[in-house]
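# Commentary on secondary and tertiary structure
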Amino acid sequence: MSTIKSIGILTSGGDAPGMNAAIRAVTRAAIYAGIKVYGIYHGYRGLIADEIEEFSTQNVSNIIQRGGTILKTARCKEFQTEEGRRQAYETLRRYKIDALVVIGGDGSLTGARIFGNEFSVPIVGLPGTIDNDLYGTDCTIGYDTALNTILECVDKIRDTATSHERLFFIEVMGRDAGFLALNGAIASGAEAAIIPEISTEVDQLGELIKAGFRKSKNSSIVLVAESPVTGGAMALAERVKNEYPEYDVRVTILGHLQRGGRPTAYDRILASRMGAAAIDALLDDQRNVMIGVKNDEIVYVPFSKAIKNEKPINRNLLDTLHRLSI
Ligand code: F6P
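Below is a short write-up of the structure. (Residues numbered from 1 in each chain as written. Predicted model: local features only at pLDDT ≥ 70, side-chain atom pairs only at ≥ 80, totals over all residues. Heavy atoms only, no water.)

## Observations concerning the overall build of the protein chain
For clarity, the threshold we go by: A run of H or I in DSSP becomes a helix once it reaches four residues, and a run of E becomes a strand once it reaches two; helices and strands are each numbered from the N terminus. Type-normalised accessible area, obtained with a 1.4 Å probe on protein chains alone, sets the label of each residue: buried when under 20%, exposed when over 50%, and partly exposed for intermediate values. A contact between two residues is defined here by any heavy atoms of the two lying within 4.5 Å.
Scanning the protein chain for helices and strands turns up 11 helices and 11 strands. Seen through its C-alpha atoms, the protein chain measures out along the principal axes to roughly 70 × 35 × 35 Å. Within the protein chain, buried positions represent 55% of all 326 residues. In the protein chain, once contacts between residues fewer than 6 apart in sequence are set aside, the share between residues at least 24 apart is 74%.

## What to know about the nonpolar core
Quick note on the threshold: Nonpolar cores were defined as sets of buried Ala, Val, Leu, Ile, Met, Phe, Trp, Tyr and Cys residues, with membership established by side-chain atoms within 4.5 Å. The source of the domain bounds is an automatic or database domain assignment.
Counting residues in hydrophobic clusters, the biggest one holds 67 residues, and the most contacted among them are I7, L126, L180 and L223. Taken domain by domain, the makeup of this core includes at least three residues from each of domain 1 (6-142 + 263-308) and domain 2 (144-259). Residue contacts for L223: discarding those within four places in its chain leaves I150, V154, I170, V172, L180, A181, G184, A185, A190, A192, A193 and I194.

## Topic: the packing of aromatic side chains
Here is the rule we go by: Only Phe, Tyr and Trp rings are paired, with Trp represented by its six-membered ring, and only when their centres lie within 6.5 Å; those with planes under 30 degrees apart are stacked, over 60 edge-to-face, the remainder tilted.
Enumeration according to the criterion identifies seven aromatic pairs in this entry. For the ring pair Y44 and F79, a centre distance of 3.9 Å and an interplane angle of 5 degrees mean the geometry is stacked. Note that Y44 is positioned in helix α2 (residues 43-49) and F79 in the loop between β3 (52-55) and α3 (82-95), a separation of 35 residues in sequence. Accessibility classification places Y44 together with F79 in one group, the buried group. Members of the aromatic cluster, joined through ring pairs, are Y44, F79, Y89, F115 and F119.

## Details of the sheet that holds strand β9 (residues 249-253)
To keep it simple, the criterion reads: Any two strands between which DSSP finds at least two bridges are classified as paired. In this description, a line fitted to the C-alpha atoms serves as the axis of each element, helices being fitted only across the stretch in contact, and the angle between N-to-C directions of two axes falls anywhere from 0 to 180 degrees.
In space, the four strands of this open sheet follow the order β7-β8-β6-β9, with parallel pairing throughout. Here the strands that pair on one side only, and so sit at the sheet edges, are β7 (192-194) and β9. Pairs of neighbouring strands in the sheet enclose a mean axial angle of 20 degrees, with direction left out of account. On top of the sheet, helix α6 (residues 179-188) reaches β6 (167-172), β7 and β8 (220-225); it is set at about 160 degrees to β8, its chief contact.

## As for the pairing of β8
Among the six residues in β8, six count as buried, and that is most of the element. Bridge analysis of β6 against β8 gives six bridges, and the strand direction is parallel. Pairing of F168 across the sheet is with I221, part of β8. Note: β7 against β8, three bridges, orientation parallel. What sits directly across from A192, in β8, is V222.

## Some points on the sheet that holds strand β2 (residues 36-40)
In a beta sheet, neighbouring strands are held together by backbone hydrogen bonds and run either parallel or antiparallel to one another. In space, the seven strands of this open sheet follow the order β3-β2-β1-β4-β5-β10-β11, with mixed pairing throughout. A single partner strand is all that each edge strand has here, and the edge strands are β3 and β11 (297-302). Averaged over all adjacent pairs, the angle separating strand axes in this sheet is 30 degrees, with direction ignored. By the bridge criterion, two bridges tie strand β5 (residues 123-127) to strand β10 (residues 289-294) in an arrangement that is parallel. Each residue of the ladder has a partner; that of G125, found in β10, is M290.

## Some words on helix α8 (residues 232-243)
To keep things clear, this is the line we draw: In this analysis, the expected span of each helix is defined as 1.5 Å times one less than the number of residues it contains.
A rise of 1.5 Å per residue sets the reference length of α8, with its 12 residues, at 16 Å; its end C-alpha atoms lie 17 Å apart and thus fit the reference within 8%. Of all the positions in α8, only G232, A233, L236, A237 and V240 are classed as buried.

## Quick look at the site of the ligand
To be explicit about the condition: A molecule or strand has a residue near it when one of that residue's heavy atoms lies within 4 Å. Pairs of N or O atoms are called polar contacts if they sit within 3.5 Å, as long as, within protein, a hydrogen donor faces a hydrogen acceptor (for residues adjacent in sequence, only side-chain-to-side-chain pairs). Here the Shrake-Rupley method, with its probe set to 1.4 Å, supplies the accessible areas, and only the displayed protein chains count as covering residues.
Near the ligand, the surroundings consist of R75, T129, D131, M173, G174, R175, E226, H256 and R259. Note that an oxygen atom of the ligand is positioned 3.2 Å from one of the backbone N or O atoms of G174. H256 places a side-chain nitrogen or oxygen 3.0 Å from an oxygen atom of the ligand. Protein burial of the ligand: of its 400 Å² of free accessible surface, 74% is covered by the chains. Residue assignment places the shell around the ligand across two domains, with domain 1 (6-142 + 263-308) and domain 2 (144-259) each supplying three or more.

## Description of the side chain of S325
Tracing the sequence through the fold places S325 in the segment after α11 (315-324). Among the residues examined, S325 registers a relative accessible area of 11% and is labelled buried. Reaching out from S325, the side chain makes a polar contact with the backbone oxygen of E191 at a distance of 3.2 Å.

In C-alpha cells form, the structure reads like this:
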C-alpha cells in the first residue's frame, strides 16, 4: 500500500505543446486513485514562493487541446541553491505534499534529481521538451507538434524559395540536439540538415558546397540546428555569401513559434499515457525516475540516465536524407 496521499505537479523550463494534456492526465489519474493534487505555478519558483492551488478535475477541463502550460513555467536560478531548495521543501511540508510530478526537460529533471535526493522526496518526471533530447524515451512531449510546425513553415518557405531560385538556411530549435533539424529535413524534403552531433566529425557545410547544393534543382533548403557547434543559420549563410556570391542566400530563424500551437494527436496521446503512468509509478513506490515510452511500452528511466546519457541521433537517418536529396 503506497503512503502517498497528495502530490504536487509543476511544469518547468521551456514550455512544450502537450504539457497541458500531461497536467490533465496526472491530475485525473491521481484523483481517480484517491490522491489529492496541488497545482504549483511557475515551476520551482512557485514551489519556493508558495504559488499553489488544490486542483479538482475541473481545473484541467478543456485544456487537452491547448498549447503552452496552464501552470505557467519558469527557469528558476534560486532552485539551484541549497537555500532555495530548502524553502521549496518547507512549502511541501506545509501543504503535506508527499510527492512531486515534474514535467520538463533536461534542466528541470536535473533539479528534480538533486531535490529528490537531498530531501528524500519521491519525484517522478515527465519528459516535456520540443528538443527530444532526453535519453530513454523515443519521443518527448512536444517534439511531434514542433516537428509538424516546422513542416508547415518549411512548406511555405519552399514556395518562395522555388519562385526566386534561392538557397534558404532555416534555423530550428533543439539546443545542441539535431532531432528537429534532421527529422524536419526528411519530412519537409529539404536538401540537408546541419546538426551538432556530427559537427566535429565533418564540415557539413563544406560538403554541401562541394556537392554544389542540389544540382538538379535551382532552389535549396537546408535546416540548421541552433547551437554554437553548428554556428547557426546566420553564420553559415554568411560563409556561403562570402565564398560563393553566385548563390542568392536567405535565412529564416523559426524561433519560438516552434514552441506554440495545439498539440498533435501523437503528443496528446503520449502526454496522456505518460501522465497516467506517473501516478502508477508513484503508487508502485518508484522514485527519481522519468517516464519514457520505448517501442510503444511505458518504461521507467532513472533520472541519472535520462539526464547524463546523450541521446544518440539515428545515423541511418542522415544517410536516408542524403540519398533522397539528389
Ligand atoms: O529547451 C527548449 C528550448 O526551446 C530550446 O530548443 C531553446 O534553445 C530554448 O528552449 C530557448 O529558451 P528560451 O525560451 O528561454 O529562450
